[in-house]
Structures are given as structure tokens and as C-alpha cells.
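Structural overview
What follows is each chain in one-letter form.
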Amino acid sequence: DVKVTQSSRYLVKRTGEKVFLECVQDMDHENMFWYRQDPGLGLRLIYFSYDVKMKEKGDIPEGYSVSREKKERFSLILESASTNQTSMYLCASSLGDNSPLHFGNGTRLTVT
Amino acid sequence: GQNIDQPTEMTATEGAIVQINCTYQTSGFNGLFWYQQHAGEAPTFLSYNVLDGLEEKGRFSSFLSRSKGYSYLLLKELQMKDSASYLCAVRDLANTPLVFGKGTRLSVIA
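Keep in mind that what you see is a predicted model, and the values were worked out from it rather than measured.

A few points about the overall build of chain A
In terms of regular secondary structure, chain A is built from zero helices and twelve strands. Secondary structure elements of chain A, listed N to C terminal, follow the sequence β-β-β-β-β-β-β-β-β-β-β-β. By the compact-globule yardstick of 13 Å for 112 residues, chain A fits well, its C-alpha radius of gyration being 13 Å. Over its C-alpha atoms, taken along the principal directions, chain A stretches across nearly 40 × 30 × 25 Å. Counting only contacts in chain A whose residues sit at least 6 apart along the sequence, the fraction spanning at least 24 positions is 54%. Here chain A displays about 5500 Å² of accessible surface, and carbon together with sulfur accounts for 48% of that area. A distance of 7 Å separates the average location of the 15 positive side-chain charges in chain A from that of its 15 negative side-chain charges.

Rendered as C-alpha cells:
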């Protein structure tokens, strides 16, 4: 079974802090994604990557950056956390277009 | 642009059948996925449709009509554990990320 692991289940950070959310997958998937999920808004794509060193902006990249130095690891960075970035963050990976996304368990981030 | 519509909430009775609809307007079409998400958990894959017709997988089936921009997820013999959100997601162009609908929260009652 594919395993997508997010480093933290819950995080509480202060406004202005730099925040790192880590995601690792163990199935040699090319594609990795970061979403945030908010009530009434559904899943929204922040950034994605189809290869090592490659990154593409999703629908809501403002205030975020990503890093993909190794195939199995895709990190989401909040350069200066703000309260409107309080959300559930979900990482996912997939083999290709016809393959389903496999999600991590999510990180619930609270910015105070 | 892309638009995916699903009902926000549905309620159904244990043992019954429920149909969750999804309509989409996209510039192209390269597959439709359904996911199940229990409260506080990650979404898990249920089904994939790329050609018109019905895909059956146990108690769950998914139907696609590309000409109508329409899909539905059919859940039979409902169980309490089926209470969850069901997410419809469409890929419009090849090698682009999925676009998700906002999800349908299904409550199964006794």
C-alpha cells in the first residue's frame, strides 16, 4: 500500500513565524501535491510537482512556497504565517493521470 | 474556467440506496474520480471513470456521461459507516491536476 506521511498531525504557530510542513511518500510517485481544505470551500490546490526540482503554482499559491529536492519528499513552506492560513493541509501523491491520488493524514495548522 | 457542482448535503436511511450527483463544466475531459472522506480523516479513492457508462465496485457504482458533463455515485445497502463526505474531482486537460468539487456530506440515519 502507498504510504504518504505528513510530519505533524497538529501544529500551532504564531503570526509571522516561518512554518515547514513535510510530506514523504514511499512508492516512487512522480507527482506530488499540496492542498488546503476549509469548510465550505473544499480542497484547493496550493502547489504541485511532477518531478524532482520541478514545481508549479496551483490555484492559491500566495503566501506559500515549496521544495522538492528528492523525489519522495515535498515540503510546503509558509514564509510568514498569517491567521488566514489556519487550515487543514493535505499532501497527496500519484503515479500518473489515470492513477488516484493518495493522501496523507493531514496537518491541522492553527496560526494565532 | 472549471466548475464542478455537487449537492452540499444529503440524508438517507440505513439499508437504502442513495445517488450523489456531480456536474462539471471544463474545457476538456481526462477522467473523473470519486473520493470518500470521513470527518477528520484524509480522502480515500473510490472510483475512476474515463469512458461513458457504469463502473461497479461492490456496494458502490459510478456512472459517467461525458456528453452531459455528468456523473453520479450510487451507494447501495447503506450502512452507518457510509456517513462521510463524497468528493467529485475532474481532470480537464492531460497532465494537469485534478479539480475538486466542494463535496457532498452524506448522513446515514437509522
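A short note on the packing of aromatic side chains
Working definition: an aromatic ring pair is given by the centre-to-centre distance plus the angle between the planes. Enumeration over the complete set of coordinates arrives at 18 aromatic pairs over all chains. Taking the centre distance of 6.1 Å and the plane angle of 45° together, the rings of A:Tyr35 and A:Phe103 count as tilted. Of this pair, A:Tyr35 sits in strand S5 (residues 31-38) while A:Phe103 sits in strand S11 (residues 102-103), and the two are 68 residues apart along the sequence. Using a relative accessible area of 10% as the deciding quantity, one classes A:Phe103 as buried. Their ring planes at 25° and their centres at 6.2 Å tell us that B:Phe33 and B:Tyr35 sit as a pair that is stacked. Here B:Phe33 falls in the buried class, since its relative accessible area comes to 0%. Judged by its relative accessible area of 0%, B:Tyr35 is buried. The ring of A:Tyr10 has A:Arg9 sitting right over it, with the charged end atom 5.9 Å from the ring centre.

Things to note about the pattern of salt bridges
Residue and element names in this part refer to chain A. For the coordinates displayed, the defined rule picks out ten salt bridges over all chains. Ionic pairing is found between Glu22 and Arg73, a salt bridge with its closest N-O pair at 3.9 Å. One end of the pair, Glu22, is in the loop between strand S3 (19-21) and strand S4 (23-25); the other, Arg73, is in strand S9 (residues 73-78), and 51 residues separate them in sequence. The partly exposed category is assigned to Glu22, whose relative accessible area is 23%.

Quick look at the nonpolar core
If you look at soluble globular proteins, the nonpolar side chains tend to sit buried side by side. By size, the foremost hydrophobic cluster in this structure holds 21 residues, and its most contacted members are B:Trp34, B:Leu75, B:Tyr86 and B:Leu106. Breaking this core down by element, the ones donating at least two residues are strand S3 (18-25), strand S4 (32-37), strand S7 (60-65), strand S8 (70-75), strand S9 (84-90) and strand S11 (104-109) of chain B. Beyond its immediate chain neighbours, meaning those up to four positions away, B:Tyr86 contacts B:Gln6, B:Ile20, B:Trp34, B:Tyr35, B:Gln36, B:Leu46, B:Phe60, B:Leu73, B:Leu75, B:Gly103, B:Thr104 and B:Leu106. A:Val4, A:Cys23, A:Met32 and A:Cys91 belong to the second-largest nonpolar core, a separate cluster that totals 20 residues.

Focus: the state of the cysteines
Residues and elements named next belong to chain A. Under the definition given, this model contains two disulfides over all chains. Two residues, Cys23 and Cys91, share a disulfide whose sulfurs are 1.9 Å apart. Its S-S torsion of approximately -75° makes the covalent link between Cys23 and Cys91 left-handed. Here Cys23, found in strand S4, pairs with Cys91, found in strand S10 (residues 87-94); they are 68 residues apart in sequence, far enough to count as distant. The exposure class of Cys91 is buried, given its relative accessible area of 0%.

How each quantity is defined
- Residues numbered from 1 in each chain as written.
- Chains lettered and ligands numbered in written order.
- Predicted model: local features only at pLDDT ≥ 70, side-chain atom pairs only at ≥ 80, totals over all residues.
- Heavy atoms only, no water.
- Helix = DSSP H or I, 4+ residues; strand = E, 2+ residues; numbered from the N terminus.
- Rg over C-alpha atoms; globule rule 2.2 N^0.38 Å.
- Contact = heavy atoms within 4.5 Å.
- Areas by Shrake-Rupley, 256 points an atom, 1.4 Å probe, with all protein chains shown as cover.
- Lys, Arg positive; Asp, Glu negative; His and termini not counted.
- Charge placed at Lys NZ, Arg CZ, Asp CG, Glu CD.
- Phe/Tyr/Trp six-rings, centres within 6.5 Å; stacked < 30°, edge-to-face > 60°.
- Buried < 20%, exposed > 50% of the residue type's maximum accessible area, 1.4 Å probe, protein only.
- Lys NZ or Arg CZ within 6 Å of the ring centre and 35° of its normal.
- Salt bridge = Lys/Arg side-chain N within 4 Å of Asp/Glu carboxyl O.
- Core = buried A, V, L, I, M, F, W, Y, C linked by side-chain atoms within 4.5 Å.
- Disulfide = S-S within 2.5 Å.

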